[in-house]
Every structure is written in C-alpha cells, then in structure tokens.
Amino acid sequence: MTDKTEPKPKLEVVETPGEDDETCKTFVFHNEDHTLGNSLRYIVMKNPEVQFCGYSIPHPSENKINFRIQTHGTSATDVLMKGLQDLNKASETVLQKFQKSVLDYKQGNYSSDVKMDDS
Amino acid sequence: MTKGVNLLRQWIFGNFLRRLRKSPKQGALDLVNRTVHSTDFPGEYEGYDDAWDQQKFEKDFRIDMIKMSHDELEFDMVGIDAAIANAFRRILLAEVPTMAIEKVFIYNNTSIIQDEVLAHRLGLIPIKADPRLFEFRSEDDTEGTAEDTIEFQLKVKCTKNTHAKDTTDPDDLYKDHKVTTKHLKWIPVGSQGEIFKDGDLRPVHDDILIAKLRPGQEIDLRVHCVKGFGKDHAKFSPVATASYRLLPEITLLKPIKGELAKKLKKCFSPGVIEVDGKGSNKTARVANARKDTCSREVLRHDDLKDLVKLSRIRNHFIFSVESTGILPPDILVEEAIKVLMSKCRTFMNELSQAT
C-alpha cells in the first residue's frame, strides 16, 4: 500500500567521493528486506566474478537495504543484473515445477516414493 | 620461499576442506554444516565448480506434493538453498496481498464493546474475495471505487423474545444477541453488482462472533475492505501459518541388534525405526525418518549415542502452508513465487533505466 504512492526510485547507487570504481558498488533497494536481500546475495555470490557480496538493513525503521558488490574486475552493475536474472529464472523454474506438481496431484496420477501414511 | 609455503598451506587447507565437504544429500557434516549458512560459493573449495548453473538447478530441483486440501498444503521442495526457500516463506507471510476491513464508519454502537475494539475485531475477519481482482487504494482516498473497495453493512439490534418461558438461556431469551459475521451484508460499490454475484464477496466464515448484545443495544456501522500486505498489518496475511522444516536424517553407524534395537526403536517416534527379524537376529533399520521429531532422546543413552548420527538434509524443505481460506494454499504459493519474480523484474527494469 505504501510503496504504490511513493514516486521515489526503488533503486539507488551510493555515490562515493573520489574516482569512479565500476567494480565496487553499494546499491540501495528501497522497500526491500531480507526476503530479496538474502536470496539475491546468495545468487550473486554464486557468480565466480564476485569477490564480495553482502547486504545490511541500516536501521530497522527504515525500509531499505544496502547491497554491496565487489568484483574481481567486471562491472558491479552487470553482476547485479545477472544476479537478478538468475534469481528470476530460478523462481520461474520453481513456479513451473510447482504448477506441474499441483496439476499431477489434482489429476490423481501422482506417484511419490515418500512414505507418509496417516497413522 | 614464502610463496612456496603459502602454496603448500593452501593445498593442505584445500584438501582439508574438501574432505570436510560432502554433498548435502549425503548428510550433514559436523564442521561445515553446523551453521545454517551455505558455504558452497565459487572459490570457497578448491576443485569444485560452485557457480550458479541454471541447467543443473533445473535437473536437480523437484517438488513433491504430500497432501493438499482446500485450506492446507504440504509439499517438499528439494534441491534449493535456504536463502531462496526462506524468501518464499517470508513472502507468503508478509507480501501476498489480500482484502481486509480497513475503515469502519460507526453510526451507532450502544453495545458494551468499545468502538475501537470493535473496529479492531472487524479488521481481523478474513474476507473471501479474490485480491487479484482488486487494485490498491491510495491512502488519501476516503470514498473508494468499485476497483479497490468492498463495502459491508452491519446493522443489528437486539430484542427480547416475547415467546420465551421458563428459561435462563440467552439464546431463547433474546433475538440477535450474538452479532456474528453472517450479519455482515455486502453493499455493491459502483458497478460491482454486475460483476459479482451475491455470495461472491463475503466473510470466509459466517459464524465468527463479533460482539454480544442485550435487548435495546444496537450496532450500526459500515466497513470498507481494501487490499493490503501482511507487512503493513497481520490482518492482511493470507496464511494462518507458512513454515518449513528440514527432512531429518538418521544414520545407523553400526548394525544395531537384539535388545539394543528395541531400545533404539523406543527412543524415536513410532514408525521412525523398525526392527526386522526375530530373537537375537533382530536388526534395527531406519524406516521413515520423516516422522522423526528431532528429539535427542537417543543421545542420552550411553550404549546408543555412538551408534547413531542425527542430522538433517540441508536442501530438503518440507513446506507446510495453512491458508486462512481466502485463497487455496496452492494458489498462495504460486502467488508468492510470482511476487519474487516481479521483485526481480522491477529491479532489472530500474537498473537498465539507470544505466
């Protein structure tokens, strides 16, 4: 409800004084928390280009996360983009497999090796 | 010289880690898996390719439905990291939207229950309305439109039952002394009367007690239901519970026979350990680790504690989702996955616009 009315951008990049370093960046995700923070951190860290990735919630009453990426040389923005794409694709796989599983269950042709007799 | 020493050290440490590391399927290994965090990142273990691999994920990932009813769902999510599984759980609790009573306009309330308490109680009533058919209402909007508001009227007056004789039961003495959700009457907003039939928009349960009245007391109010998130207020949460646990794993390190097998069986919940054979040939086996409650009883017995290893399969999540009845639980999980996908896409768009 709250984030619908806000015209503020959802994503910001923290400006650092001095020279621009494309390989190290801190992104600010507004209106996000551990839900996106931790899952995205996991998938970004899975990228071999990444030297460091971490996130923090600077203050519990501020609805934002700081998301830090340091790479071995590639652009941090590209790495974040790849992370988001990977997470999106992974979720899509989960959705597809879940929908198929629900369909199979409802059609009754479900076979599972899981033993769970109600006793 | 120092470089050589460092290389040697790296090699020894790498081998040490490699020996510690086992695939999650093989079971938890004490040193590595005692924490909940994953460590399988590129560069962490020499000789392992831990980079994200969509093909491999698609191949290994699976979902097994265990049981599904109109308001409960249990399924296994296997082959995914806790970070992502936990995101789905958190979204289910806090970020799948539903409709709930948000504004209460009280015209008359002479009951003993105070206005604000009454309004709070009304807010918690689950409203059976598909939230996907509605929009979010902007905060300064007080009127509401057909797209973003559902309206109900609650108008109840308690009277004496003149036919009641020789009784002290309030049910016989009074009429309408219990105000329940069945008294909530749907009022179509705008063109809603053409889109929805009578009974499409209603409280999930018609027997939730809202207030009690005595003759002469009355409640007269109107409510607006709006779309919202569980993170704003728990009344918007679409689930009663959404949780996961890891599949327990019990490993018998040595064959356990005879009386000891019977003792082992008694240490666990029924069905976890079964004993085969007769007499001194009795042998214990793990029949169904799923039924294990992760009790550590077996470790209290000196003669058994070194024969078993209790662990959990770190990438096997047993999800349990209980809906409040607004949407079926399988739809809720689908919506939760879609929420995570839309989060990703939102930021992908933001990022490509920024650069």
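Residues numbered from 1 in each chain as written. Chains lettered and ligands numbered in written order. Predicted model: local features only at pLDDT ≥ 70, side-chain atom pairs only at ≥ 80, totals over all residues. Heavy atoms only, no water.

1. Points about the overall build of chain B
Tallying secondary structure elements over chain B gives nine helices and 16 strands in all. Relative to its length of 355 residues, chain B is extended, with a C-alpha radius of gyration of 29 Å against a globular reference of 20 Å. With respect to the three principal axes, the spread of C-alpha positions in chain B is 95 × 70 × 35 Å. Burial statistics for chain B: of 355 residues in total, 46% are counted as buried. Of the accessible surface of chain B, which amounts to about 19100 Å², a share of 50% is contributed by carbon and sulfur atoms. Charged side chains in chain B number 56 positive and 55 negative. The centres of these two groups are separated by 8 Å. (Helix = DSSP H or I, 4+ residues; strand = E, 2+ residues; numbered from the N terminus. Rg over C-alpha atoms; globule rule 2.2 N^0.38 Å. Buried < 20%, exposed > 50% of the residue type's maximum accessible area, 1.4 Å probe, protein only. Areas by Shrake-Rupley, 256 points an atom, 1.4 Å probe, with all protein chains shown as cover. Lys, Arg positive; Asp, Glu negative; His and termini not counted. Charge placed at Lys NZ, Arg CZ, Asp CG, Glu CD.)

2. A short note on the pattern of salt bridges
All names here are of chain A. The full count for this structure, using the stated rule, is 26 salt bridges over all chains. Among the salt bridges present, the one from Asp86 reaches Lys82, with a minimum N-O distance of 2.7 Å. In this pair, Asp86 and Lys82 both sit in helix α3 (residues 76-107), four residues apart, roughly one turn of the helix. The buried category is assigned to Asp86, whose relative accessible area is 13%. (Salt bridge = Lys/Arg side-chain N within 4 Å of Asp/Glu carboxyl O.)

3. Re the UniProt feature "domain: DNA-directed RNA polymerase RpoA/D/Rpb3-type" (unreviewed entry) in chain B
Using the residue numbers shown here, the UniProt feature "domain: DNA-directed RNA polymerase RpoA/D/Rpb3-type" (unreviewed entry) corresponds to residues 72-350 of chain B. Across residues 72-350 of chain B, the secondary structure splits into 22% helix and 34% strand, with the terminal C-alpha atoms separated by 37 Å. (UniProt positions renumbered as here; feature names shortened; annotations may be inferred.)

4. Quick notes on the environment of B:Cys267
Residue and element names in this part refer to chain B. Tracing the backbone through its elements, the reader meets Cys267 in helix α8 (residues 258-267). Residue classification places Cys267 among the buried residues on the basis of a relative accessible area of 8%. Here the alpha-carbon distance between Cys267 and Arg300, two residues 33 residues apart in the chain, equals 9.5 Å.

5. A short note on the environment of B:Asp232
Secondary-structure assignment places B:Asp232 in the loop between β12 (218-228) and β13 (239-252). The spacing of B:Asp232 and B:Glu95 is 137 residues in sequence and 9.2 Å in space, taken between C-alpha atoms.

6. Describing α8(B)
Residue and element names in this part refer to chain B. Within α8, the full set of buried residues consists of Gly258, Ala261, Leu264 and Cys267. Projection of α8 onto a plane perpendicular to its axis shows the buried side chains occupying an angular sector of 135°, all on one side. For α8, exposure combined with an orientation more than 90 degrees from the buried face picks out Glu259 and Lys266. Its buried side turned inward, α8 meets β13, β14 (273-276), β15 (283-286) and β16 (308-323). (Arc of directions from axis to C-beta. Contact = heavy atoms within 4.5 Å.)

7. Side note on the domain arrangement of chain B
Domain assignment breaks chain B into domain 1 (2-96 + 239-244 + 314-354), domain 2 (98-236) and domain 3 (254-306). Measuring from the centre of the C-alpha atoms in domain 2 of chain B to the corresponding centre in domain 3 of chain B gives 55 Å. (Domains from an automatic or database assignment.)

8. Looking at the interface of chain A and chain B
Taken residue by residue, the interface counts 55 residues in chain A and 61 residues in chain B. With both chains or domains summed, chain A and chain B bury close to 5400 Å², and 68% of this area falls on carbon and sulfur atoms. Summed over the shared surface of chain A and chain B, the result is four salt bridges. Of the charged contacts, one joins B:Arg90 and A:Asp33 as a salt bridge, the two residues approaching to 3.2 Å between their closest N and O atoms. At the boundary of chain A with chain B, the tally comes to 15 residue pairs in polar contact (both at pLDDT 80 or more). Of all the elements in the fold, those that place two or more residues in the side of chain A that touches chain B are α1 (2-5), β2 (24-30), α2 (34-45) and α3 of chain A. Looking at the side of chain A that touches chain B, the element that brings in the most residues is α3(A), giving 22 residues. (Buried area = accessible area lost by both parts, 1.4 Å probe. Polar contact = N/O pair within 3.5 Å; in protein donor to acceptor, adjacent residues only side chain to side chain.)

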